[in-house]
Amino acid sequence: MSMAKPKVFLTNPIDRVGYEILKDADIVTASDPSPATLREEIGDADAIIVRANLPADIFEHGRRLRACVRHRSGLDMIPVDAATAQGIPVANVPAVNANAVAEYVVAQMLLGARRLHRVDSVHRNESWAAARKLADEATELRGKRAGIVGVGAIGTRIAEILHHGFGMQVLGHQRRLNALPAFVTGMALDELLRSADYVVLACPLTPETRGLLDARRIALLKKHAFIVNVSRGPVLDEAALVAALRERRIGGAALDVYVTQPLPRDSELLRLDNAILSTHLAGLSAESVQAMSRIASEETLRILAGDKPLNFCNPEVWEKSLARRKQLGF
């Protein structure tokens, strides 16, 4: 039986609470999170904590891996099928960043409604009077309709804040419309898009949701409608969205995720004054990052000790993972 310190490979740094939990392990952080570097540096790691896209063949390079843990909830960064084929348990950290994402969504909706990002820029670069005139376009959230696509942990928290805090009517779309909170009105997607003043994309990226908000559906939106995407970039047709924003066929959009990340510097989105852009950070706050690091580290140690993770994403792999442990000498 191997008694060496386990080696935990981090694609990116984590909060210090994670390092404290993993203090008895040999912790190695990738020098950069590119696919080539991850392949080269994973070496003889026993576990990997994931905050960057893993290349499809990563498990062919990490031949001693016994655990793969996502430092968030979304699994699109991990080739889960490949992990399962190799007998490697995959765990994630669901829901702990739901409040951070929800507060981000509300902040962006308020920016869009009050034009505060433009007010700040015009005030700094032009004049008080020019900035104050932008208030003529300002609107309030109260009484408006917010349509949420994907009412899971994040979507539910968004709905709670908008309904109870702002007095908005909340519409929801997901596969099971009968499982929505009582204060959310379930609707078919096209109906929701026609009805909503704000559309929030909070669904996971799956084959069914890829391209969900395409040119046809964007055309259903009201002229003043405002989109917030905290899902994944490919959930909406970026070219169709750019065209709608450029032609002022919708009111605006706040995007945290993109088809290509980082967003290319020549993207037309960067030149549109009705697009509010951030850098895939909606779920990041001091509180959420600490919680994600703590749980991801605990799950890593749990798997390395031979126990099932609490948030097991490929439970069918368990027997195969035990055989892998035995083969590796654990």
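No experiment lies behind these values; they were computed from the predicted model shown.

Observations regarding the packing of aromatic side chains
Step number 1: Under the counting rule described, the total for this entry stands at 2 aromatic pairs.
Step number 2: Arranged with centres 5.9 Å apart and planes meeting at 85°, the rings of Phe 312 and Trp 318 form a pair that is edge-to-face. Take Phe 312 and Trp 318: they sit in the same class, and that class is buried.

Re the packing of helix H5 (residues 98–114) against helix H8 (residues 153–166)
Step number 1: Where H5 meets H8, the closest approach of the two axes is 8 Å, and the angle between their N-to-C directions is 50°. Judged by the angle between their axes, H5 and H8 are oblique. Two packed elements cross with a definite hand, and for H5 against H8 that hand is right-handed. Contacts between H5 and H8 involve Ala 98, Asn 99, Val 101, Ala 102, Val 105, Val 106, Met 109 and Leu 110 from the former and Ala 153, Ile 154, Arg 157, Ile 158, Ile 161, Leu 162 and Phe 166 from the latter.
Step number 2: Of the residues belonging to the contact of H5 with H8, the class tally is 13 nonpolar, 1 polar and 1 charged.

What to know about the sheet that holds strand E6 (residues 145–149)
Step number 1: Reading across from one edge, E8-E7-E6-E9-E10-E11-E12 is the order of the 7 strands in this open sheet, with parallel pairing throughout. Both outer strands of the open sheet, strand E8 (184–186) and strand E12 (275–277), are each paired with one neighbouring strand and no more. In this sheet, neighbouring strand axes are inclined to one another by 20° on average, regardless of whether the strands run parallel or antiparallel.
Step number 2: Note: E6 against strand E9 (residues 198–201), 4 bridges, orientation parallel. For Val 149, the partnering residue across the bridge sits in E9 and is Leu 201.
Step number 3: Set on the sheet, H8 makes contact with E6, strand E7 (169–173), E8 and E9; between it and E6 the angle comes to about 175°.
Step number 4: Against the sheet, helix H11 (residues 238–246) engages strand E10 (226–229), strand E11 (252–255) and E12, with an angle of about 140° to E11.

What to know about the nonpolar core
Step number 1: With 32 residues, the main nonpolar core has Val 149, Leu 193, Leu 221, Ile 227, Leu 241, Leu 245 and Leu 269 as its most contacted residues.
Step number 2: Residue assignment for this core shows that the elements contributing at least two residues are helix H9 (189–195), E9, H11 and E11.
Step number 3: When residues of this core are assigned to their parent elements, the largest contribution, 5 residues, is made by H11.
Step number 4: Setting aside residues no more than four positions away along its own chain, Leu 245 makes contact with Ile 250, Gly 252, Ala 253, Leu 269, Leu 272, Asn 274 and Ala 275.
Step number 5: Residues Tyr 104, Leu 162, Leu 180 and Tyr 198 belong to the second largest nonpolar core, which totals 28 residues.

A short note on the pairing of strand E3 (residues 47–50)
Step number 1: Residue alternation in E3 divides its side chains into two sets, Ala 47 and Ile 49 and Ile 48 and Val 50, and both sets are buried.
Step number 2: One ladder, built from 3 bridges, connects strand E1 (residues 7–10) with E3; its direction is parallel. When the bridges of E3 are listed, Phe 9 appears paired with Ile 48.
Step number 3: Where E3 meets strand E4 (residues 67–70), 4 bridges bridge the pair, whose relative direction is parallel. By the bridge assignment for E4, Ala 47 is matched with Ala 67.

So, how was this worked out
- As a convention, each chain's residues are numbered from 1 in the sequence order in which they are written.
- The model is predicted, so local features are restricted to residues of pLDDT at least 70 and side-chain atom pairs to those at 80 or more, both for listing and for counting; the totals for chains, interfaces and linings are taken over all residues.
- Side-chain numbers here rest on the full set of heavy atoms in the structure, without hydrogens or water.
- Stacked, edge-to-face and tilted labels apply to pairs of Phe, Tyr and Trp rings (six-membered ring for Trp) whose centres lie within 6.5 Å, assigned for plane angles under 30 degrees, over 60, and everything in between, in that order.
- Residue exposure (1.4 Å probe, protein chains only): buried if accessible area is under 20% of the type maximum, exposed if over 50%, otherwise partly exposed.
- Between the N-to-C directions of two axes lies an angle of 0 to 180 degrees, each axis being a line fitted to C-alpha atoms and, for a helix, fitted only over the stretch in contact.
- Secondary structure elements follow DSSP: runs of H or I of four or more residues count as helices, runs of E of two or more count as strands, with numbering from the N terminus.
- Should an angle lie under 35 degrees it is considered roughly parallel, over 145 roughly antiparallel, and from 65 to 115 roughly perpendicular; all remaining angles are considered oblique.
- Note on convention: near helix rotated counterclockwise from far helix by under a right angle means a left-handed crossing. Clockwise means right-handed.
- Should any heavy atoms of two residues lie within 4.5 Å, those residues are counted as being in contact.
- Amino acids outside the nonpolar list (Ala, Val, Leu, Ile, Met, Phe, Trp, Tyr, Cys, Pro) and the charged list (Asp, Glu, Lys, Arg) are all regarded as polar, and Gly is one of them.
- Only when DSSP finds a minimum of two bridges between them are two strands counted as paired.
- Nonpolar cores are built from buried Ala, Val, Leu, Ile, Met, Phe, Trp, Tyr and Cys residues. Side-chain atoms within 4.5 Å join them into one set.

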